[in-house]
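A structural walkthrough
Single-letter residue listing:
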Amino acid sequence: MIPRFDRVERAAHWTTAALFVVLMLTGAVLYAGPFSAMFGRRELFRQVHTYAGILLPLPILAGVAGRWGAQLRRDLGRINRWTRDDARWFRRGNRAHPGRVDVGKFNAGQKLNATFFAAAIVVMLATGLILRWPNPFSNDLRTGATFVHDWFAFGVWIAVLGHVYFAARDPVALGGMTRGSVTPYWASAERPAWYREIVEDGAVLTEPAGSDPPRRRRSRPGRGREGRASSGSASRGS
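Owing to the predicted nature of the structure, the values given are computational and were not obtained by experimental measurement.

**A word on the overall build of the protein**
Within the protein, the secondary structure is distributed over 13 helices and 2 strands. Relative to its 238 residues, the protein shows a buried fraction of 30%. For the protein, the proportion of contacts with a sequence separation of at least 24, taken over those separated by at least 6, is 64%. Approximately 16100 Å² of the protein is accessible, and the part contributed by carbon and sulfur atoms is 62%.

**Some points on helix H10 (residues 171-178)**
Every buried residue belonging to H10 is among Gly175, Gly176 and Met177, and all of these are buried. Of the residues one or two after H10, Gly180 is the one with positive phi, at around 100 degrees.

**A short note on the pattern of salt bridges**
A full pass over the atoms with the stated rule returns 7 salt bridges. A salt bridge links Glu43 to Arg46, with the shortest nitrogen-to-oxygen separation between them at 2.9 Å. One end of the pair, Glu43, and the other, Arg46, are both in helix H3 (residues 42-55), 3 residues apart, so they sit about a helical turn from each other. What makes Arg46 partly exposed here is its relative accessible area of 29%. Between Arg78 and Asp75 there is a salt bridge, with the nearest N and O atoms lying 2.5 Å from each other. Taken as a pair, Arg78 and Asp75 lie in helix H5 (residues 70-79) at a separation of 3 residues, close to a single helical turn. Sharing partners across several salt bridges, the network here consists of Asp75, Arg78, Lys105 and Glu197.

**Here's the deal with a nonpolar patch on the surface**
Residues Phe147, Val148, Trp151, Phe154 and Ile158 make up a contiguous nonpolar surface patch of about 540 Å² in total accessible area. Following the sequence through the fold, Phe147 ends up in helix H9 (residues 139-169). Look at Phe147 and you get exposed, because its relative accessible area is 53%.

**So, the nonpolar core**
Nonpolar side chains tend toward joint burial in soluble globular proteins. Counting 12 residues, the largest nonpolar core consists of Leu19, Phe20, Leu23, Met24, Ala52, Leu56, Phe117, Ala120, Ile121, Val156, Ala159 and Val160. If you list the elements that add at least two residues to this core, you get helix H1 (7-31), helix H8 (108-132) and H9. With 4 residues, H1 is the largest single contributor of residues to this core. The residues contacting Ile121, other than those within four sequence positions of it, are Phe20, Leu56 and Pro57.

**Thoughts on the environment of Arg142**
When you line up the elements, Arg142 lands in helix H9. Separated by 11 residues in the primary sequence, Arg142 and Leu131 place their C-alpha atoms 6.6 Å from one another. Within the structure, Arg142 has its side chain in polar contact with the backbone oxygen of Pro134 (distance 3.1 Å).

**Section: the packing of aromatic side chains**
Within this structure, the stated rule accounts for 8 aromatic pairs. Taken together, a centroid distance of 5.4 Å and an interplanar angle of 80 degrees make the contact between Trp89 and Phe90 edge-to-face. Measuring from ring centre to ring centre gives 6.1 Å for Phe116 and Phe152, while their planes differ by 0 degrees; the resulting arrangement is stacked. Of this pair, Phe116 sits in helix H8 while Phe152 sits in helix H9, placing them 36 residues apart in sequence. On the accessibility criterion, Phe116 (27% relative accessible area) is partly exposed. Three or more aromatic residues link up through ring pairs in this structure, and these residues are Phe20, Phe116, Phe117 and Phe152. The ring centre of Trp194 lies 5.0 Å from the NZ or CZ of Arg4, which sits over that ring. In this structure, Lys111 is placed above the aromatic ring of Trp82, and the distance from its NZ or CZ to the ring centre is 5.7 Å.

**Here's the deal with the confidence of the model for the protein**
Looking at the protein as a whole, the pLDDT averages 85, with 82% of positions reaching at least 70. Long-range and interchain partners of residues 208-238, a stretch whose pLDDT sits below 50, account for 9 contacts in this model, where long-range means more than four residues apart.

**With respect to the environment of Pro134**
In this structure, Pro134 sits in the loop between H8 and H9. A sequence separation of 11 residues divides Pro134 from Ala145, and the C-alpha atoms of the two residues are 9.9 Å apart.

The rules behind these values
Think of each chain on its own: its residues are numbered from 1, step by step along the sequence as written. Given that this is a predicted model, residues contribute local features only at a pLDDT of at least 70 and side-chain atom pairs are listed and counted only at 80 or more, while totals for whole chains, interfaces and linings are drawn from all residues. Water and hydrogen atoms were dropped before computing side-chain values, which therefore reflect all heavy atoms in the structure. A helix here means a DSSP run of H or I that spans at least four residues, while a strand means a run of E at least two residues long, and both kinds are numbered starting from the N terminus. Only protein chains enter the accessibility calculation, which uses a 1.4 Å probe; a residue is then buried when its area is under 20% of its type maximum, exposed when over 50%, and partly exposed in between. Any two residues having at least one pair of non-hydrogen atoms within 4.5 Å are treated as being in contact. Calculation of accessible area relied on Shrake-Rupley with a 1.4 Å probe; when residues are assessed, cover is drawn exclusively from the protein chains displayed. Whenever Lys or Arg places a side-chain nitrogen within 4 Å of a carboxyl oxygen from Asp or Glu, that contact is recorded as a salt bridge. Excluding any residue in a salt bridge, patches collect residues exceeding 30% relative accessible area, merging like charges within 9 Å and nonpolar Val, Leu, Ile, Met, Phe, Trp and Tyr side chains within 5 Å. Think of a nonpolar core as a cluster: buried Ala, Val, Leu, Ile, Met, Phe, Trp, Tyr and Cys residues, connected wherever their side-chain atoms sit within 4.5 Å. Polar contact is defined as a pair of N or O atoms within 3.5 Å, subject to the rule that within protein one atom must be able to donate a hydrogen and the other to accept it, and that residues adjacent in sequence are counted only when both atoms are side-chain atoms. When two rings of Phe, Tyr or Trp (its six-membered ring) have centres within 6.5 Å they constitute a pair, described as stacked for plane angles under 30 degrees, edge-to-face for angles over 60, and tilted for the intermediate range. Criterion for a charge above a ring: Arg CZ or Lys NZ at most 6 Å from the ring centre, at most 35 degrees from the ring normal. The quantity known as pLDDT measures the predictor's confidence residue by residue, on a range of 0 to 100.

As structure tokens, then:
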């Protein structure tokens, strides 16, 4: 198995995911009248929604701080680097045939998804603070904040559901975020550029699973050239 995400990355991911789920569910209760009537206790949901939103950036910020966040910082750098192969990845035919695109640790879809979530955290936090404490702000600013907050919330719902769908379709990749590692075969087939990188770094010492190295035929004693020559000499001598 090949290490893909360390404990810091996995903790940051799942903590952020849990906060997003809390925000989505409490936001649905606050936004939709039928849910508000069903659950009641609107003020409690509003408080939970507010403080979950304030905590939302903290897992990533805590993950990148200090020596423990070295791999997370490297992976954030990978997400911010776009290549020509990333542009080619968006063509359906290239995605359907592994090996056509030289994909790194993250494909273009994952990079785009991560970028959207990063922007959503900033935008939702800023607009949410305006909505929670509106007094210092003008009516126009509060109206705009409401509009942006609602539409970004809708986008977050779509992105989260899509993220869960694609993760469920690739259990090996999902295992990289739950257990921290993936198979060598998956890495070589789905992320060839990343696989070459870790091979060059010495992190992988074995061949990818599913591509057995060619077996050598063992020559039997007396069956090689020298063996045939010696047996022939012996027969002529006799």
